[in-house]
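# Examining the three-dimensional arrangement
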Amino acid sequence: MSIRVLFLGEIVGRPGIQTVKDALKSLRQDKNIDLVIANAEGATGGFGLGRAHSMQLLKLGIDVITGGEKIYYKKDMVDFIAKNPSILRPANYPPQNPGRGLRYLTIGEQKVCVINMLGNADFPRTHLSNAFSLAQILVDKALEEGAIAILQFHASPTAEKLSMGYMLDGKAAAVIGTHTKVLSADARILPKGTAYISDNGRCGSQISVGGFAADTEIEKRITQIPVRSLECWDGLALVGVLVDISDEGKATSIETVNVPVETEKEK
Ligand SMILES: [Fe+2]
């Protein structure tokens with residue numbers, strides 16, 4: 001039995017949650033999806049993930065929520081993440097930090113290990129253990145346990161993500177990049193059978209700057225005065241990648257998913 005995994009792009013704000021609400025259930029049924037993994041570290045106003053929004057997303061059919069450098073931004077998540085194994089924080093935070101960096105699940109007979117890792121480049125405020133050496137250890141451990149290993153790599157430069165993809169090629173079934181929130185055109189199966197994409201896009205407004213209203217983002221760039229980013233409701237879509245994985249833990253296909261969502265106006 002092969003398994004089919006949907007990796008949703010970063011869910012940005014209430015518009016992002018709206019796309020999940022409107023489109024995920026039918027997509028899951030139509031495509032016979034076994035597992036849904038989504039980055040949601042910006043689901044609460046674009047900066048962090050609050051407890052209530054995390055619970056809502058899990059109820060809407062997401063099985064594992066992953067994070068990144070913003071996972072601890074909302075105070076109530078710091079406590080809640082320790083209690084909820086379905087919400088991951090990057091595995092390369094200090095081990096005593098609240099929450100877990102990976103989750104083992106069983107789909108049918110198949111054991112799956114979902115690992116969340118944060119890149120080392122471009123995050124000057126985080127001081128993490130090395131993403132590459134830790135990824136090797138955790139993926140090897142998952143394989144020893146007889147599990148399929150999946151890595152959600154929250155990182156900034158494509159070179160870092162590609163290096164991770166090739167390092168784990170043939171070991172991890174999928175290395176899926178997040179954080180930049182723009183769907184990249186490089187979804188592919190690497191030579192030894194790992195599904196790879198540098199960035200699986202975002203769920204929410206596609207006519208925006210990373211899910212935020214462009215006007216405010218432009219103004220910030222010009223004036224350099226910090227102002228709150230505004231959620232954008234234009235051109236909503238549920239975006240991500242769909243990956244099929246064989247019993248041997250090799251990816252057999254990866255395709256991008258883009259489901260437009262019609263919304264009258266802000267809800
Ligand atoms: Fe991020």
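Here's a quick rundown of the structure. (Residues numbered from 1 in each chain as written. Predicted model: local features only at pLDDT ≥ 70, side-chain atom pairs only at ≥ 80, totals over all residues. Heavy atoms only, no water.)

Right, let's get into the packing of helix α4 (residues 131-144) against helix α5 (residues 158-167). Axes are the key here: two packed helices are described by the angle between their axes and the distance separating the axes. At their nearest, the axes of α4 and α5 sit 11 Å apart, and the two run at 30° to each other. Between α4 and α5, the crossing angle belongs to the class labelled roughly parallel. Note that α4 runs across α5; the crossing there is right-handed. Taken together, the residues of α5 that come into contact with α4 (itself represented by A131, F132, A135 and Q136) are E160, S163, M164 and M167. Partitioned by chemical class, the residues of the contact of α4 with α5 number 5 nonpolar, 2 polar and 1 charged. (Axes fitted to C-alpha atoms, helices over the stretch in contact; angles between N-to-C directions. Helix = DSSP H or I, 4+ residues; strand = E, 2+ residues; numbered from the N terminus. Parallel < 35°, antiparallel > 145°, perpendicular 65-115°, else oblique. Left-handed = near helix turned anticlockwise from the far one by under 90°. Contact = heavy atoms within 4.5 Å. Nonpolar A, V, L, I, M, F, W, Y, C, P; charged D, E, K, R; others polar.)

Tracing the backbone through its elements, the reader meets E41 in the loop between β3 (35-39) and α2 (51-59). No salt bridge is formed by the buried E41; its nearest oppositely charged neighbour, K70, is found at 4.2 Å. Once residues lying within four places of it in the same chain are set aside, the contact partners of E41 are E10, F47, G48, L49, T66, G67, G68, E69, K70, I71, H154 and H179. (Buried < 20%, exposed > 50% of the residue type's maximum accessible area, 1.4 Å probe, protein only. Lys, Arg positive; Asp, Glu negative; His and termini not counted. Salt bridge = Lys/Arg side-chain N within 4 Å of Asp/Glu carboxyl O.)

The next point concerns the packing of aromatic side chains. How two aromatic rings sit relative to each other is given by the distance of their centres and the angle of their planes. Taken as a whole and judged by the stated rule, the model has 3 aromatic pairs. Note on F47 and F212: the rings are 5.5 Å apart at their centroids and 10° apart in plane angle, and the pair reads as stacked. Here F47, found in the loop between β3 and α2, pairs with F212, found in the loop between β11 (202-205) and α6 (214-223); they are 165 residues apart in sequence, far enough to count as distant. When the ring of Y72 is compared with that of Y93, the centres are 5.3 Å apart and the planes differ by 70°; the resulting orientation is edge-to-face. Here Y72 is found in the loop between β4 (64-66) and α3 (75-83), whereas its partner Y93 is found in the loop between α3 and β5 (102-107), with 21 residues between them in sequence. (Phe/Tyr/Trp six-rings, centres within 6.5 Å; stacked < 30°, edge-to-face > 60°.)

Let us now look at the pattern of salt bridges. On inspection of all chains with the given rule, the structure shows 10 salt bridges. Taking the shortest distance from any N to any O, the salt bridge between E231 and R14 comes out at 3.0 Å. Of the two residues, E231 is situated in the loop between α6 and β12 (236-245) and R14 in helix α1 (residues 13-30); the sequence distance between them amounts to 217 residues. Residue R14 is classed as partly exposed on the basis of its relative accessible area of 36%. Measuring nitrogen to oxygen at the nearest pair gives 4.0 Å for the salt bridge that ties E255 to K31. Taken together, the residues E255 in strand β13 (residues 251-260) and K31 in the loop between α1 and β3 connect sequence positions 224 residues apart. Judged by its relative accessible area of 39%, E255 falls in the partly exposed class.

A separate point is the layout of surface pockets. If you add up the space inside the largest pocket, you get close to 430 Å³. Contributing to the lining of the largest pocket are 22 residues, with F47, E69, K70, Y73 and H179 lying nearest its centre. The biggest single contributor to the lining of the largest pocket is α6, with 3 residues. Of the residues assigned to the lining of the largest pocket, the class counts are 6 nonpolar, 6 polar and 10 charged. (1 Å grid on protein atoms, 1.4 Å probe; cavity = no way out; pocket = protein on both sides within 12 Å on 5 of 7 lines; lining within 4 Å. Points joined across faces, edges and corners; volume = space filled by probe spheres on them.)

The next subject is the nonpolar core. With 34 residues, the main nonpolar core has L6, L8, I11, L57 and I62 as its most contacted residues. At the level of secondary structure, the elements contributing two or more residues to this core comprise β1 (3-8), α1, β3, α3 and β12. Sorting elements by how many residues they give to this core places α1 first, with 5 residues. If sequence neighbours within four positions are ignored, I62 has contacts with L8, I11, V20, L24, V36, A38 and L57. (Core = buried A, V, L, I, M, F, W, Y, C linked by side-chain atoms within 4.5 Å.)

The next subject is the coordination of the iron ion. Distances from the iron ion to its protein donors, namely E41 (OE), E69 (OE), E69 (OE), H154 (NE2) and H179 (ND1), fall within the range 2.0 to 2.7 Å. Binding-site remark: the iron ion is held by donors from one chain whose sequence spacing is E-x27-E-x84-H-x24-H. Of the two residues, E69 sits in the loop between β4 and α3 while H179 sits in the loop between β8 (174-178) and β9 (188-189), which places them 110 residues apart along the sequence. Owing to a relative accessible area of 14%, E69 belongs among the buried residues under this scheme. Residue H179 is classed as buried on the basis of its relative accessible area of 18%. (Donors = N, O, S within 2.8 Å, 3.2 Å for Na, K, Ca; no water.)

Our next topic: α3. Taken together, the buried positions of α3 are M77, F80 and I81. When α3 is viewed along its axis, its buried side chains cluster within an angular range of 105° and face the same direction. Those residues of α3 that are exposed and aimed more than 90 degrees away from the buried face are K75, D79 and K83. Tucked into the core, α3 has its buried residues touching α2. (Arc of directions from axis to C-beta.)

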